[in-house]
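# Coordinates in review
Residues per chain are reported as follows:
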Amino acid sequence: MRKELYLSLATSFVLISSSAWGKKLRSSMGELEGGTPSPAAISEIKSEVALSEKTISEDRLEAVVQDPSKAKNVTETIAALSAREVFVIVDQSGAMDSGDDHPTGKKVSGGTRWKSAELAVEGIAETVMALDKTAEVPVYFFHGSGSVVDTFIAKSAKDIMQSFNSRSPGGSTPLDKALTKVYNDHLKKLLNDGEPFTVVVLTDGAPDDQGAVRTFFKNLVSNHRLTDDDRESLAAFTFVRQG
């Protein structure tokens, strides 16, 4: 089972797009420690996952997966998130080297948007992997030079740290290229199969081609009937602004 948990750099512990149940889980599961989920939070979520697997019927699980707002409690919310695949897109443009506060709000010297993004991706991966030892998180770095979009499969938090350390911010912000690549690599098949997913985009500014990004989402919705009642919850895109 895959857990769709990630960070909001402006606050602490958040789940996908609905703020109401995000706040519910944040208050229940605790705050971040050092920019990543605390061991206590991970342990609590794992307990909720085990409970959800034992107590929620298949029909009820399908209902809350399709529409997470129907979840009546934290256990059902966790169950709703468990079926979603998670992907991360990271802005590697030059502006990501700009100064930034620590994600927890602490005042530290030398902080950058790039470092904040690293902590965010580590938090996502640690949570997903704690809930599923076989889980992997595809991470897409995009920038305006070289190959434009680099793909990295995160299998541990250590992998993520090494991946960030081997890269440095530079170039522009070709977000449309990153969205297209993750769509071609994964999202198209998931949508065709009716499988839900979430894409978390960490970026610090406007993309190079805003029109191309709008066209991407317009085509995604129309080509995959995402306005249909039984499909509108399949795709979740969350943008987290850096800086």
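In case you missed it, the structure is sitting above this.
Residues numbered from 1 in each chain as written. Predicted model: local features only at pLDDT ≥ 70, side-chain atom pairs only at ≥ 80, totals over all residues. Heavy atoms only, no water.

### Thoughts on the environment of H224
- Mapped onto the elements, H224 comes out in the loop between α8 (210–223) and β9 (235–241).
- Overall, H224 belongs to the buried group, its relative accessible area being 6%.
- Distance from H224 to A235, taken between C-alpha atoms, is 9.8 Å for residues eleven residues apart in sequence.
- Apart from the residues lying within four places of it in its own chain, the contact partners of H224 are Y183, K188, L191, N192, N219 and R231.
- Here Y183 takes part through its side chain, which lies 2.7 Å from a polar atom of the side chain of H224. (Helix = DSSP H or I, 4+ residues; strand = E, 2+ residues; numbered from the N terminus. Buried < 20%, exposed > 50% of the residue type's maximum accessible area, 1.4 Å probe, protein only. Contact = heavy atoms within 4.5 Å. Polar contact = N/O pair within 3.5 Å; in protein donor to acceptor, adjacent residues only side chain to side chain.)

### As for the pairing of strand β6 (residues 137–142)
- The buried fraction of β6 amounts to six of the six residues, a majority that puts the element mostly inside the structure.
- Every second residue of β6 is oriented toward a common face, with V137, V139 and F141 on one face and P138, Y140 and F142 on the other, all of them buried.
- Alignment of strand β5 (residues 85–91) against β6, held across four bridges, turns out to be parallel. Across the sheet, V90 pairs through a bridge with F141, a residue of β6. (Pairing = 2+ DSSP bridges.)

### Points about helix α7 (residues 175–192)
- The sharpest bend along α7 comes to roughly 55°, located at N184.
- Taken together, the buried positions of α7 are occupied by L175, D176, A178, L179, V182, Y183, L187, L190 and L191.
- In the stretch just after α7, G194 is the one whose phi turns positive, near 70°. (Bend = angle between axes of the 7 residues up to and from the residue.)

### Describing unusual backbone geometry
- Of note, R225 is a non-glycine position whose phi angle comes to about 55°, a positive value.
- With respect to the helices, strands and loops of the structure, R225 is situated in the loop between α8 and β9.
- R225 gets classed as partly exposed once you look at its relative accessible area, which sits at 44%.

### Digging into helix α6 (residues 157–165)
- Where α6 is concerned, the buried positions are I160, S163 and F164. Taken around the axis of α6, the buried residues stretch over an arc of 95°, which confines them to a single face. Across α6 from its buried face, at more than 90 degrees, point the exposed residues K158 and N165. (Arc of directions from axis to C-beta.)

### Remarks on the sheet that holds strand β8 (residues 197–203)
- The mixed open sheet is built from five strands, whose spatial order is β7-β6-β5-β8-β9. Each edge of the open sheet is held by one strand with a lone partner, namely β7 (149–154) and β9. For this sheet the average axis-to-axis angle between neighbouring strands, irrespective of direction, equals 20°.
- Sitting on the sheet, α6 is in contact with β5, β6 and β7, with an inclination near 155° to β7. (Axes fitted to C-alpha atoms, helices over the stretch in contact; angles between N-to-C directions.)

### Examining the packing of aromatic side chains
- Counted by the stated rule, this structure contains nine aromatic pairs.
- Ring centres 4.9 Å apart and planes at 90° place the aromatic pair F217 and F237 in the edge-to-face group. Separated by 20 residues along the polypeptide, F217 in helix α8 and F237 in strand β9 bring together distant segments of the chain.
- Through successive ring pairs, a cluster of aromatic residues spans Y183, F197, F216, F217, F237 and F239. (Phe/Tyr/Trp six-rings, centres within 6.5 Å; stacked < 30°, edge-to-face > 60°.)

### Looking at the pattern of salt bridges
- All chains considered together, the criterion is met by seven salt bridges.
- With a shortest N-O distance of 2.9 Å, R113 and D204 are connected by a salt bridge. Here R113 is found in helix α5 (residues 113–131), whereas its partner D204 is found in the loop between β8 and α8, with 91 residues between them in sequence. Neither R113 nor D204 differs from the other in exposure class; each is buried. (Salt bridge = Lys/Arg side-chain N within 4 Å of Asp/Glu carboxyl O.)

### Here we look at the side chain of D91
- Relative to the helices and strands, D91 resides in strand β5.
- No salt bridge forms around the buried D91; measuring N to O, its nearest opposite-charge neighbour R113 is 7.6 Å away.
- Looking at D91, its side chain comes within polar contact range of the side chain of T203, at 2.8 Å.
- If we skip the residues at most four places from it in the chain, D91 touches M96, W114, F142, T173, L202, T203, D204 and G205. (Lys, Arg positive; Asp, Glu negative; His and termini not counted.)

### A look at the packing of α7 against α8
- Contact geometry for α7 and α8: axes closest at 10 Å, N-to-C directions at 10°. Between α7 and α8, the angle is such that the two are roughly parallel. Touching L175, D176, L179, T180, Y183 and L191 of α7 are A212, V213, F216, F217 and L220, all from α8.
- Broken down by class, the residue content of the contact of α7 with α8 amounts to nine nonpolar, one polar and one charged. (Parallel < 35°, antiparallel > 145°, perpendicular 65-115°, else oblique. Nonpolar A, V, L, I, M, F, W, Y, C, P; charged D, E, K, R; others polar.)

From the geometry alone we can't say anything about function, so treat these as descriptive.
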